[in-house]
Amino acid sequence: MRKGVVLLVMTGMVLGLVSFLMIKADQYTSSDAYCNSCHAHTHAYSSWKLSPHNHTCEQNVHCIDCHLPPKEQGFYKEKVKAGLRDLHAYYFKDSTDFNWQQKSQVEFARRHTFKEACIHCHPKLFPTGLSESGDLAHWHYQQNMEDMHCIQCHLNVGHGTGEKASQNLALFNSYHPTDTTYTHAANIKAFKPFTETIPGSDISFRMLPVQAPSRQSKDTTSIEAFFIGESEVSWDEYLLFLSETEAEGRSEHADVDGLSGATPPWGNPDQGWGLGQRPAITMTHHAATVYCQWLSHKTGKHYRLPSEAEWEHAAREAIKNHPLNHQLVNTNKTQTLEPDKIQPDAIGTRHLFGNVKEFCADKFETGSPEFVIKGGSFKSDISMLSPTFRESTQHRKWLKTDPQIPKSIWWYSDCNDVGFRIVLSHQPSKTN
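Residues numbered from 1 in each chain as written. Predicted model: local features only at pLDDT ≥ 70, side-chain atom pairs only at ≥ 80, totals over all residues. Heavy atoms only, no water.

S.K.: Just checking my understanding: could you explain the overall build of the chain for this structure?
M.R.: Looking only at helices and strands, one finds 14 helices and nine strands in the chain. The buried share of the chain, reckoned over its 432 residues, is 43%. Contacts spanning at least 24 positions in sequence make up 67% of the contacts within the chain whose residues lie at least 6 apart. Carbon and sulfur atoms make up 55% of the accessible area of the chain, which amounts to about 24,200 Å² in all. (Helix = DSSP H or I, 4+ residues; strand = E, 2+ residues; numbered from the N terminus. Buried < 20%, exposed > 50% of the residue type's maximum accessible area, 1.4 Å probe, protein only. Contact = heavy atoms within 4.5 Å. Areas by Shrake-Rupley, 256 points an atom, 1.4 Å probe, with all protein chains shown as cover.)

Structure below.
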């Protein structure tokens, strides 16, 4: 009897010790210090220190509060999975090879942040004091909870400055001309490369000739000779358009003289990567089309988006006897690049493949509301970087987090790797 009691007491002590050690181990491996000892990217810690979750919340918020679900919703299962994944990365991978900027983008970050954790701390979608725009955004989230994640709108609250997304009125004042102002558009005298100049501005860009397919070409589509932009339309070019056509209305007008300018974007359309010569991104196909109308009006020419056949023909010529290689492609998987970061191809264009996907004028399918996009982007697999690979716009998906009603016809809220390149039909004179 006495031996049984002793055995029972010893068993209880062992179980108690094990429980105590498990609790201590759980506490230790749940601490911010432990998380940061394994995650070697220093910017994650420094950006967390700046975030609202670290210095403005009434209660302390720790790494596990966002990166693991609540205790009653699979906490330990996800903790074990995360621990095994992180230990493997820590011992078998080199953190200097990790693309941290890519991993901080929404499509990657949402894999490591639990929506249940956000809701656990913020159960009220419509708290007292929420702004009118916040009410609208949260109502939109409420209607699309299955498809949306909190960090699509609140990405910076955990790692960053915590600036809230709002209409970016400042973007329309981002164009700052230099002392050089062009008075006339370019005069095309021959089917040769030329520099277009936009009157009343200091903006210019290069256009390159693309010969029509030879009679022996297998291309059965009728393609006439045309000029194509050396690079995608840059932010410098697009900001001039925005500054000259700013308007609050959202009506679509066919008459160039009555163009309705773009409304302000929601948030930062350049993603913080920079403006200048980087390709303009996040505008809709409609916005790109209106830009072409505006540019045509400014220059007295007929600039437009390329047809799919024209884009493919230019792409084939671009790599003809000049195979596609890493010197012609932005494959950093992180962000867009300026034109001079890539070598020109066989026809002189830059970034025809793999910087931003480029709008074409064609519908993706007969009767479809979507348009063809070509060329792949910095996110694309190498298999997508070919003349024939085609994709379509995804208008509704790319506006999922836009809280405005009606949704913007000018800006995509959920697409950061689509832009456009312009073309111009060649109209030879009798003397050419």
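Now, onward.
S.K.: Can you walk me through empty space enclosed by the protein in this structure?
M.R.: With a probe scaled to a water molecule rolled over the atoms, the places where space remains empty come into view. As enumerated under the stated definition, the model contains two cavities of 30 Å³ or more in all. Space inside the largest cavity adds up to approximately 50 Å³. Along its surface, the largest cavity is lined by Leu-324, Leu-328, Ile-342, Gln-343, Asp-345, Thr-349, Arg-350, His-351, Leu-352 and Phe-353. Counted by class, the lining of the largest cavity contains five nonpolar, three polar and two charged residues. (1 Å grid on protein atoms, 1.4 Å probe; cavity = no way out; pocket = protein on both sides within 12 Å on 5 of 7 lines; lining within 4 Å. Points joined across faces, edges and corners; volume = space filled by probe spheres on them. Nonpolar A, V, L, I, M, F, W, Y, C, P; charged D, E, K, R; others polar.)

S.K.: Got a minute to help me understand the pairing of strand β1 (residues 194-197) in this structure?
M.R.: The two faces of the sheet receive side chains in turn, since in a regular strand these alternate between them. Note: β1 against strand β2 (residues 204-210), four bridges, orientation antiparallel. Paired with Phe-194 across the strands is Met-207, a residue of β2. Where β1 folds back on β2, the antiparallel hairpin that results is connected by six residues, among which Gly-200 adopts a positive phi of roughly 80 degrees. (Pairing = 2+ DSSP bridges.)

S.K.: Hey, could you run me through the nonpolar core in this one?
M.R.: Nonpolar side chains in soluble globular proteins tend to end up buried together. One finds Tyr-238, Leu-242, Tyr-291, Phe-359, Phe-420 and Ile-422 to be the most contacted residues of the largest nonpolar core, which totals 47 residues. Contributions of two or more residues to this core are made by β2, α12 (235-245) and α13 (285-299). Take this core: its biggest share by element is seven residues, from α13. If sequence neighbours within four positions are ignored, Phe-420 has contacts with Glu-232, Val-233, Tyr-238, Met-283, Ala-288, Tyr-291, Leu-305, Glu-358 and Phe-359. Core analysis: the second largest hydrophobic core is formed by 18 residues, Ile-347, Leu-352, Cys-360 and Val-423 among them. (Core = buried A, V, L, I, M, F, W, Y, C linked by side-chain atoms within 4.5 Å.)

S.K.: What is the right way to look at the sheet that holds strand β6 (residues 371-374) in this model?
M.R.: Hydrogen bonds between backbone atoms are what pair the strands of a sheet, whose relative direction is either parallel or antiparallel. Strand order in the open sheet formed by four strands is β7-β6-β5-β8, and the pairing between neighbours is mixed. Two strands bound the open sheet, and with one partner strand each, they are β7 (390-392) and β8 (418-419). Pairing of strand β5 (residues 357-363) with β6, which is carried by three bridges, proceeds in the antiparallel orientation. Bridge pairing in β6 places Glu-358 opposite Lys-374.

S.K.: Would you mind showing me how to read the sheet that holds strand β9 (residues 423-425) here?
M.R.: The antiparallel open sheet is built from five strands, whose spatial order is β1-β2-β3-β9-β4. Among the strands making up the open sheet, the edge pair consists of β1 and β4 (303-304). Pairing analysis gives two bridges linking β4 to β9, with the strands arranged antiparallel. If you follow Arg-304 over to β9, its bridge partner there is Val-423.

S.K.: Honestly, α13 in this entry has me stumped. Any pointers?
M.R.: Given a rise of 1.5 Å per residue, 15 residues ought to cover 21 Å, and the 21 Å separating the end C-alpha atoms of α13 matches this to within 8%. Summarising burial for α13: 11 of the 15 residues are buried, a large majority. All of the buried residues in α13 are His-285, His-286, Ala-287, Ala-288, Val-290, Tyr-291, Cys-292, Trp-294, Leu-295, Ser-296 and Thr-299. Residues of α13 that are buried in the fold lie against β1, β2, α12, β4, β5 and β6. Once α13 finishes, Gly-300 follows within two positions and takes phi at roughly 75 degrees, a positive value. (Expected span 1.5 Å × (residues − 1).)

S.K.: Which parts of the structure should I look at to understand a nonpolar patch on the surface?
M.R.: On the surface, Leu-87, Tyr-90, Tyr-91 and Phe-92 cluster together to form a nonpolar patch covering roughly 500 Å² of accessible area. Assignment of secondary structure puts Tyr-91 in helix α6 (residues 75-92). We classify Tyr-91 as exposed; its relative accessible area is 59%. (Patch = residues over 30% accessible without salt bridge, like charges linked within 9 Å, V, L, I, M, F, W, Y side chains within 5 Å. Salt bridge = Lys/Arg side-chain N within 4 Å of Asp/Glu carboxyl O.)

S.K.: How do you make sense of unusual backbone geometry when you look at a structure like this?
M.R.: Leave glycine aside and you will find that most residues have negative phi; peptide bonds, for their part, are mostly trans. Positive phi is not limited to glycine here, since Gln-271 has a value of about 65 degrees. Here Gln-271 is to be found in the loop between α12 and α13. In this structure Gln-271 comes out as partly exposed when scored by relative accessible area, which is 35%. Of note, His-351 is a non-glycine position whose phi angle comes to about 60 degrees, a positive value. Of note, His-351 is situated in the loop between α14 (308-318) and β5.

S.K.: What is the right way to look at the packing of α12 against α13 in this model?
M.R.: Packed helices, taken two at a time, are described by the angle their axes make and the gap between the axes. At a minimum axis distance of 11 Å, the contact between α12 and α13 shows a crossing angle of 80 degrees. Taken together, the axes of α12 and α13 are roughly perpendicular relative to one another. Residues Glu-237, Tyr-238, Leu-240, Phe-241, Glu-244 and Thr-245 of α12 form the contact with α13, whose participating residues are Ala-287, Val-290, Tyr-291, Trp-294 and Lys-298. Across the contact of α12 with α13, the residue classes break down as seven nonpolar, one polar and three charged. (Axes fitted to C-alpha atoms, helices over the stretch in contact; angles between N-to-C directions. Parallel < 35°, antiparallel > 145°, perpendicular 65-115°, else oblique.)

S.K.: When you look at the pattern of salt bridges in this model, what are you seeing that I'm missing?
M.R.: Two side chains with opposite charge may pair up if their charged atoms get near one another. All told, the structure shown has 15 salt bridges when counted by the stated rule. As a salt-bridge pair, Lys-81 and Glu-78 come within 3.5 Å of each other at their nearest N and O atoms. With a gap of three residues between them, Lys-81 and Glu-78 both fall in helix α6, about one helical turn apart. Between Arg-278 and Glu-338 there is a salt bridge, and its shortest N-O distance comes to 3.8 Å. A residue pair is termed long-range when its members are at least 10 positions apart, and Arg-278 in the loop between α12 and α13 and Glu-338 in the loop between α14 and β5 qualify at 60 residues. Connected via shared salt-bridge partners are Glu-308, Glu-312, Arg-316, Lys-374 and Arg-390.

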